Amino acid sequence: MKKTYLSAFLATFLIPFISAAEFQSDFKPFHFSARPAQGSSVDASYLNTPITEARRIVTGKDGHLYANGKRIRIFGTNISAFPPVEEAAYWAKTLASQGINCVRFHHTDSSWADCFFAHDSNGKLYFNEKAFERFDAFFYELKKAGIYSNINLLTGREMSKGSLFVDLPDQLQEVSDWKDRHCYGFWNELAREDQRRYAQKILNHVNPYTGLSYAQDPAVAFVEINNENSMTKAYLDGVLNRFPASLKEEVNQKWTEYLKQKGWTEKKLDSTFNIHQEEKGNILTGRTQLEQYQGAKALLKEDNGNVTIKILSNGTEGWHIQYDFLDFETLDNQIYKLTFKAKASKKSLLVTSVMMNHAPWSSLGFSRDFEVDREWKNYSYVISNLQADSKPRLTFGNMGLLEGTSIQIADLQLIKGGNVTNIEFKNGLVQLPSSDEYRSLPLELRTMIADFLCSIDVDYWTSMNDYLKKEMKIRPLTFGTVISCSPVSAANCFDIIDAHAKSEEHTSEL
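**Details of the packing of helix H6 (residues 245-261) against helix H9 (residues 443-471)**
Direction vectors running N to C along H6 and H9 enclose 115°, while the axes themselves pass 11 Å from each other. Considering the angle they form, H6 stands roughly perpendicular to H9. As for how H6 packs across H9, the hand of that crossing is right-handed. In contact with Val 251, Lys 254, Trp 255, Tyr 258 and Leu 259 of H6, H9 contributes Leu 445, Met 448, Ile 449, Asp 451, Phe 452, Ser 455 and Ile 456.

Structure, rendered in structure tokens:
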């Protein structure tokens, strides 16, 4: 089926200040006004038509948007404020004069936006019912000016113990980032209920100027559920790592149930993904090289396996100084264990990797960032998915911008063999591997995790969309989030897909 992709545009007006003495041109001066005079040659408001039921935006079988039986193109902007009632008409006409025919009400659930939420004198969050007076008047004037609305439901709201709709767990306060907390609803029903209650509050409100609820008004063209978010994104971005264990337990329950449905017993998981190979000694020969590019300079001192690299001058990229170990080979289906200790004259972020030492210089399946400081620290990595290569290199990099820093590496070993624990069991539950471990997992296990995350996304988006469409019976077109944040297959339940980018093709066959 075809889905409509909604593109987001940002109009930026640049006014150059160049005197005639500095620049000569045949062009005549053009005075820019934020609101051109009504009826003037630059007033674009004539392009819009007051919105009636006949002009409700719908999707056609060809995947395009239609209003009143004709194709319609959306040109809009974000707005995170409601003007005073007495100024609503002025700003609606100003937007229309610029050719805008849609406003995205974005972050209107954020307390800093002076819209629906605010903090009282004691710092307590409250829902500002008076904001509806400004919102209703502005929406009404926009509708008369032929400007549709795109209402975002979850953008900046503080989902925490102090939620006004449901009593969320105390432990949610331990998640410091407000955006991270928005992920809780992907697996937790209580958080979803909070989002449903907010949707009721906004969309079931009847605008006294129009006599319609926002759920039914044709001037509400779109409703977005959860801005720039998904379970898949939350996992890969490390959001789950920042949640307390008590709140992640439900994820492990869902992961365990998913595996059972796929026929994976604890014994089968352990024998398939937890592997032991006998350790066979260090395979590094001791031959090394120091790479320096684009003006980056370093001084290398090697002493019986102890290495000191002093960065004398920077290049323009971190990789412009790299230290490599050469003359070994890697094998398929072989476990390796990399161990070393390191320190630096100041805190620095380095990277170690195994890659080809020949064109096309690709990674062989291992790369890790690690932080060094003034004290010696031991590092150990078990590597289970290296590709076979007869001429690889083990590289320490990201030193090209560390001028004045001395880095020391010692006791380096790359050993054949070791123990790989890809699957852990705790309290009868299979533990979902962290995003930090994901890249080093076997392909079969990564595929299973990706499918599991997608199933969580499908469940969340479908249930939220069904609630809006089937329970609340809202009539605007719905979409979940920006398509780059969520699997395409998980967005298939929606009327449209937000591409968040300008594209020549506005439809896609799914």
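Don't stop here, the text continues.
**Observations concerning the side chain of Gln 195**
Relative to the helices and strands, Gln 195 is located in helix H4 (residues 189-203). Reaching out from Gln 195, the side chain makes a polar contact with the side chain of Tyr 460 at a distance of 2.4 Å. Setting aside its immediate chain neighbours within four residues, Gln 195 contacts Leu 154, Arg 157, Met 159, His 182, Gly 185, Asn 226, Tyr 460 and Met 464.

**A word on unusual backbone geometry**
Residues Ala 359 and Pro 360 are joined by a peptide bond in cis, for which omega reads 5°. Within the secondary structure layout, Pro 360 lies in the loop between strand E19 (348-356) and strand E20 (363-372). Even without glycine at this site, Asn 68 takes up a positive phi of about 55°. With respect to the element layout, Asn 68 can be found in the loop between strand E3 (65-67) and strand E4 (70-71). Judged by relative accessible area, which is 46%, Asn 68 ranks as partly exposed. Positive phi, close to 55°, is recorded for Asn 333, a residue that is not glycine. Relative to the helices and strands, Asn 333 resides in the loop between strand E17 (321-325) and strand E18 (336-344).

**Thoughts on empty space enclosed by the protein**
Following the criterion strictly, the structure yields 3 cavities of 30 Å³ or more and no others. Within this model, the largest cavity holds a volume of roughly 60 Å³. Forming the boundary of the largest cavity are Trp 461, Phe 479, Gly 480, Thr 481, Val 482, Ile 483, Ser 486, Ala 491, Phe 494, Ile 496, Ile 497 and Asp 498. In terms of residue count, the dominant contributor to the lining of the largest cavity is strand E28 (residues 496-498) (3 residues). A per-class count over the lining of the largest cavity returns 8 nonpolar, 3 polar and 1 charged.

**With respect to the nonpolar core**
Looking at soluble globular proteins, one finds that nonpolar side chains tend to be buried together. Core analysis: the biggest nonpolar cluster contains 98 residues, and Ile 57, Phe 116, Leu 203, Phe 222 and Trp 255 have the highest contact counts within it. If one sorts the elements of this core by residue count, H9 sits on top with 11 residues. Non-local contacts of Ile 57, meaning those with residues more than four positions away in its chain, are made with Leu 65, Tyr 66, Ala 67, Ile 72, Ile 74, Tyr 148, Ala 221, Phe 222 and Leu 477. Of all hydrophobic cores here, the second largest spans 35 residues; its members include Tyr 323, Met 356, Phe 396 and Met 399.

**Comments concerning the layout of surface pockets**
Quantified by volume, the largest pocket comes out at close to 700 Å³. Taken together, 29 residues make up the lining of the largest pocket; nearest its centre are Glu 424, Leu 432, Pro 433, Ser 434 and Glu 437. Contributions of two or more residues to the lining of the largest pocket are made by H6, strand E21 (377-383), strand E24 (418-421), strand E25 (424-426) and helix H8 (435-438). Examining the composition of the lining of the largest pocket, we find that 5 residues originate from one element, H6, more than from any other. Of the residues in the lining of the largest pocket, the class split is 11 nonpolar, 11 polar and 7 charged.

**A short note on the pattern of salt bridges**
Once their charged atoms are close, side chains differing in charge can pair, the charge on each being opposite to the other. Counted by the stated rule, this structure contains 23 salt bridges. Of the charged contacts in the structure, one is a salt bridge between Arg 393 and Glu 291, with a shortest N-O distance of 3.3 Å. Taken together, the residues Arg 393 in strand E22 (residues 392-397) and Glu 291 in strand E14 (residues 288-292) connect sequence positions 102 residues apart. Here Arg 393 and Glu 291 have matching classes, each one buried. A salt bridge links Asp 411 to Lys 341, with the nearest nitrogen and oxygen atoms 3.6 Å apart. One end of the pair, Asp 411, is in strand E23 (residues 406-416); the other, Lys 341, is in strand E18, with 70 residues separating them in the sequence. The network of salt bridges with shared partners includes Glu 189, Glu 193, Arg 196 and Arg 197.

**So, the sheet that holds E19**
One open sheet accounts for 5 strands, arranged E14-E17-E22-E19-E20; its pairing is antiparallel. Of all the strands in the sheet, the pair left with one neighbour each is E14 and E20. On average, adjacent strands in this sheet sit at an angle of 20° to one another, irrespective of strand direction. Sheet topology places E19 next to E20; 8 bridges connect them, and they run antiparallel. Bridged to Thr 352 within E20 is Arg 368.

Basis of the calculations
- Residues numbered from 1 in each chain as written.
- Predicted model: local features only at pLDDT ≥ 70, side-chain atom pairs only at ≥ 80, totals over all residues.
- Heavy atoms only, no water.
- Axes fitted to C-alpha atoms, helices over the stretch in contact; angles between N-to-C directions.
- Helix = DSSP H or I, 4+ residues; strand = E, 2+ residues; numbered from the N terminus.
- Parallel < 35°, antiparallel > 145°, perpendicular 65-115°, else oblique.
- Left-handed = near helix turned anticlockwise from the far one by under 90°.
- Contact = heavy atoms within 4.5 Å.
- Polar contact = N/O pair within 3.5 Å; in protein donor to acceptor, adjacent residues only side chain to side chain.
- Buried < 20%, exposed > 50% of the residue type's maximum accessible area, 1.4 Å probe, protein only.
- 1 Å grid on protein atoms, 1.4 Å probe; cavity = no way out; pocket = protein on both sides within 12 Å on 5 of 7 lines; lining within 4 Å.
- Points joined across faces, edges and corners; volume = space filled by probe spheres on them.
- Nonpolar A, V, L, I, M, F, W, Y, C, P; charged D, E, K, R; others polar.
- Core = buried A, V, L, I, M, F, W, Y, C linked by side-chain atoms within 4.5 Å.
- Salt bridge = Lys/Arg side-chain N within 4 Å of Asp/Glu carboxyl O.
- Pairing = 2+ DSSP bridges.

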